[in-house]
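# Structural description and commentary
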Amino acid sequence: MEAPTLEQRLQSCRRSAVHLEMRDGYMRSDPRFIAWQNGERNAPEDNEPALRPWLALVAELVGRGIEIRRARIVSEPVSDYVEFEHHVTAANVAAGELVRWLPRRHTSDIALPGNDFWLLDGSVAVFHHFDGHGELSPDDESFTDDPATVKLCESAFEAVWERAIPHEEYRTHPE
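Summary of the structure given here. (Residues numbered from 1 in each chain as written. Predicted model: local features only at pLDDT ≥ 70, side-chain atom pairs only at ≥ 80, totals over all residues. Heavy atoms only, no water.)

### Some words on empty space enclosed by the protein
Spelled out, the test is: Site definitions follow a grid-based scheme: protein atoms alone, a 1 Å grid, a 1.4 Å probe that fits but cannot get out for cavities, and for pockets an open set with protein on both sides within 12 Å along at least five of seven lines, plus lining residues having an atom within 4 Å of a point. Grid points are joined across faces, edges and corners, and a volume is the space filled by probe spheres set on the points. A run of H or I in DSSP becomes a helix once it reaches four residues, and a run of E becomes a strand once it reaches two; helices and strands are each numbered from the N terminus.
The final tally for this structure, using the stated rule, is 1 cavity of 30 Å³ or more. Computed from the structure, the largest cavity encloses a volume of approximately 30 Å³. For the lining of the largest cavity, the secondary-structure elements that each account for two or more residues are helix 2 (31–37) and helix 3 (44–47). Take the lining of the largest cavity: its biggest share by element is 3 residues, from helix 2.

### A word on the packing of helix 4 (residues 53–63) against helix 5 (residues 80–95)
Condition: Axes here mean lines fitted to C-alpha atoms, for a helix over just the part in contact, with angles spanning 0 to 180 degrees between N-to-C directions. Roughly parallel means an angle under 35 degrees; roughly antiparallel means over 145; roughly perpendicular covers 65 to 115; every other angle is labelled oblique. Note on convention: the crossing is left-handed when the near helix lies turned anticlockwise from the far helix by less than a right angle, right-handed when the turn is clockwise. Here a residue-residue contact requires only that any non-hydrogen atoms of the pair lie within 4.5 Å. Here the term charged refers only to Asp, Glu, Lys and Arg, the term nonpolar to Ala, Val, Leu, Ile, Met, Phe, Trp, Tyr, Cys and Pro, and the term polar to all other amino acids, Gly among them.
Two numbers describe how helix 4 lies on helix 5: the axes approach to 8 Å, and their chain directions differ by 25°. Relative to helix 5, the element helix 4 is oriented roughly parallel. The interaxial crossing formed by helix 4 with helix 5 has right-handed handedness. Counted together, Trp54, Leu55, Val58, Ala59 and Val62 of helix 4 and Ala91, Asn92 and Ala95 of helix 5 form the full contact between these two elements. Tallied by class, the residues present in the contact of helix 4 with helix 5 amount to 7 nonpolar, 1 polar and no charged.

### Quick word on the environment of Gly39
Condition: Three exposure classes are used, based on accessible area relative to the maximum for each residue type with a 1.4 Å probe and protein chains only: buried under 20%, partly exposed in between, and exposed over 50%.
Assignment of secondary structure puts Gly39 in the loop between helix 2 and helix 3. Here Gly39 falls in the partly exposed class, since its relative accessible area comes to 48%. As a C-alpha pair, Gly39 and Glu76 span 37 residues in sequence and 22 Å in three-dimensional space.

### Considerations on the packing of aromatic side chains
The condition is simple: Put simply, two rings from Phe, Tyr or Trp (the six-membered ring, in Trp's case) pair if the centres are within 6.5 Å, and we call them stacked under 30 degrees between planes, edge-to-face over 60, tilted for the rest. Two thresholds decide whether a charge sits over a ring: the Lys NZ or Arg CZ must be within 6 Å of the ring centre and within 35 degrees of the ring normal.
Overall, the coordinates contain 11 aromatic pairs when judged by the stated rule. Aromatic side chains Phe33 and Tyr81 sit 4.9 Å apart centroid to centroid with 55° between the ring planes, which places their arrangement in the tilted category. Placement of the pair is Phe33 in helix 2 and Tyr81 in helix 5, with a sequence separation of 48 residues. The burial state of Phe33 is the same as that of Tyr81; both residues are buried. Ring pairing ties together the aromatic residues Tyr26, Phe33, Trp36, Tyr81, Phe84 and Phe130, which thus form one cluster. For the cation-ring pair, Arg23 lies above Tyr26, with the distance from its terminal atom to the ring centre recorded as 6.0 Å. Geometry around Trp161 places Arg69 over its ring, the cationic atom sitting 5.0 Å from the centre.

### Examining the sheet that holds strand 7 (residues 165–166)
Spelled out, the test is: The pairing criterion for strands is at least two bridges between them, as found by DSSP.
Overall, mixed pairing links the 7 strands, which are arranged 6-5-4-1-2-3-7 in an open sheet. For this open sheet the edge positions go to strand 6 (136–144) and strand 7, each flanked by a neighbour on one side alone. Here helix 5 sits on the sheet and contacts strand 1 (16–21), strand 2 (67–74) and strand 3 (98–103); the angle it forms with strand 3, its principal contact strand, is near 155°.

In structure tokens form, the structure reads like this:
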């Protein structure tokens with residue numbers, strides 16, 4: 001039997017889904033990122049739920065009472081990819097996702113797992129695996145409900161969340 005997809009796991013959430021991102025670049029081959037690098041801003045595929053299925057999924061889950069929080073640890077000055085992420089995140093927030101940003105220099109005393117993860121209902125961790133270029137690895141996902149690993153993920157996320165800056169207040173180019 002095939003393992004459930006992340007979307008299926010999210011659909012089965014009852015209370016919460018939190019996501020910790022710790023890389024400064026992901027899937028630079030993404031056509032949306034390439035278009036953004038070429039100067040396209042606010043393209044429909046960045047903001048329209050019909051063209052960006054993630055937004056529709058977030059709105060559906062939040063509508064069912066599921067809290068979705070995403071925290072991003074970023075190096076500063078930010079990479080071009082983080083600049084792109086920041087630009088398109090307003091649509092995530094509009095769909096109901098809570099997003100915060102934490103400069104990496106403020107994380108030195110936080111125990112962090114080695115990989116980005118989703119923590120679902122505080123009981124299951126789904127790790128994402130990327131290659132050195134930020135592309136998904138062939139074995140791009142692993143799953144655990146090991147209590148010690150789940151506890152590490154939960155404490156890491158909450159420590160980052162507590163220090164992080166809400167999306168609406170975070171500036172990629174401080175004045």
